[in-house]
Amino acid sequence: MDPILKIAREHDLFVIEDAAEAHGAEYKGKKIGSLSDISCFSFYGNKIMTTGEGGMCLTNNEELAEKMRILRDHGMNPKRRYWHDIIGFNYRMTNLQAAIGLAQVEKLDTFIKKKREIAKTYNSLLRETKEITLPPEEKWAKNVYWMYSILVKNRDQLIEKLSREGIDSRPFFYPIHVQPPHRIREKIPVAEELSKKGINLPSFVTLKKEEIEKIADTITANIQ
Ligand SMILES: *Cc1c(COP(=O)(O)O)cnc(C)c1O
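Here is what the cut-offs are and how they apply
- Residues numbered from 1 in each chain as written.
- Predicted model: local features only at pLDDT ≥ 70, side-chain atom pairs only at ≥ 80, totals over all residues.
- Heavy atoms only, no water.
- Near = heavy atom within 4 Å.
- Polar contact = N/O pair within 3.5 Å; in protein donor to acceptor, adjacent residues only side chain to side chain.
- Areas by Shrake-Rupley, 256 points an atom, 1.4 Å probe, with all protein chains shown as cover.
- Pairing = 2+ DSSP bridges.
- Helix = DSSP H or I, 4+ residues; strand = E, 2+ residues; numbered from the N terminus.
- Axes fitted to C-alpha atoms, helices over the stretch in contact; angles between N-to-C directions.
- Phe/Tyr/Trp six-rings, centres within 6.5 Å; stacked < 30°, edge-to-face > 60°.
- Buried < 20%, exposed > 50% of the residue type's maximum accessible area, 1.4 Å probe, protein only.
- Lys NZ or Arg CZ within 6 Å of the ring centre and 35° of its normal.
- Core = buried A, V, L, I, M, F, W, Y, C linked by side-chain atoms within 4.5 Å.
- Contact = heavy atoms within 4.5 Å.

1. Brief notes about the site of the ligand
By nearness alone, every residue bordering the ligand is listed as D18, A20, E21, S42, K47 and G54. Residue D18 places a side-chain N or O atom 2.9 Å away from a nitrogen atom belonging to the ligand. The separation between an oxygen atom of the ligand and a polar side-chain atom of K47 is 2.6 Å. Here the ligand loses 57% of its free accessible area of 390 Å² to cover by the protein chains.

Shown next as structure tokens:
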């Protein structure tokens, strides 16, 4: 974030932080979501905390906050009912979802603790296998391990083999620059390599130690 914020300051740009899956994560002692002009969190069903669907935007800028409130509410003028100054959206969260979200916030620390425990267990079981790159956690960062993710050479083959043992997994996302609406000709080698080699392993908060052991065994038996 520091290099990104530096470029933004030099060129008078706003920074919008995609914190969709980073609830509770930290960068140099600061919480993710507090580092930019606007940060966006997702509360989709598979995130660390959920409201089913939906999310949240944070800002410390009063003017941007007001703009977002208006855009969320059909572009309606907050002082003139049913008067729409601009084209907006219906991005309001329902009260029912918000109630679920508040209950989830109470459990968030427990969820994060569990995610970190799961990562620690996987790390200890997979560390010795040199064909596997483990997820990094830099000294200045706190990783909340939304998913436990490793890099392997024959990723698609491993997904297939895990599946045959009844173990579900997911490949990494495709990078944005190869997707049709945003395609560019340039190579972005780091993102492309991660996308090719990355696999997300089961890491839901009720995952048991024995299950992690079985998954790790299946991986190490099928990796070569
Ligand atoms: C899940 C996710 C999104 C999408 O969030 P929605 O709430 O489904 O719109 C965007 N960015 C990242 C990094 C995500 O993990």
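2. Details of the sheet that holds strand β1 (residues 16-18)
Within a sheet, each strand pairs with its neighbour through backbone hydrogen bonds, oriented either parallel or antiparallel. Here we have three strands laid out as an open sheet, ordered β1-β4-β5, and mixed in their pairing. In the strand order of this sheet, the two ends are held by β1 and β5 (55-58), each with one partner. For this sheet, the mean inter-axis angle between neighbouring strands, taken without regard to orientation, is 20 degrees. The pairing of strand β4 (residues 38-42) with β5 spans four bridges and is antiparallel. When the bridges of β5 are listed, F41 appears paired with M56.

3. Observations concerning the packing of aromatic side chains
The relation between two aromatic rings is expressed through the spacing of the ring centres and the mutual angle of the planes. As enumerated under the stated definition, the model contains three aromatic pairs in all. Seen from their ring centres, Y27 and W140 are 5.4 Å apart, and the 70 degrees between their planes marks the pair as edge-to-face. Linking Y27 in strand β2 (residues 26-27) with W140 in the loop between α3 (95-126) and β6 (141-142), this pair joins segments that are 113 residues apart in sequence. What makes W140 partly exposed here is its relative accessible area of 44%. Between F89 and Y91, the ring centres sit 4.8 Å apart and the planes meet at 5 degrees, which makes this aromatic pair stacked. Sitting over the ring of W83, R80 keeps its end group 3.8 Å from the ring centre. Note that R81 overlies the ring of Y82, its terminal NZ or CZ placed 5.9 Å from the centroid.

4. Considering unusual backbone geometry
Of note, the phi angle at Y82 is positive, near 60 degrees, even though the residue is not glycine. Y82 sits in the exposed class, given a relative accessible area of 63%. You will see that Y145, though not glycine, has its phi angle at about 45 degrees, which is positive. Mapped onto the fold, Y145 is located in the loop between β6 and β7 (148-151). Overall, Y145 belongs to the buried group, its relative accessible area being 6%.

5. Side note on the nonpolar core
Counting 21 residues, the largest nonpolar core has Y122, L126, Y148, I150, I199, L201 and I219 as its most contacted members. Going through the elements one at a time, α3, β7, α4 (155-164), β9 (198-201) and α6 (209-222) are the ones with two or more residues in this core. What I150 contacts, discounting residues up to four positions off in sequence, is L126, I132, T133, L134, P135, F172, K197, G198, I199, L201 and I219. By size, the runner-up hydrophobic cluster in this structure holds 15 residues, among which are F43, M49, F111 and V144.

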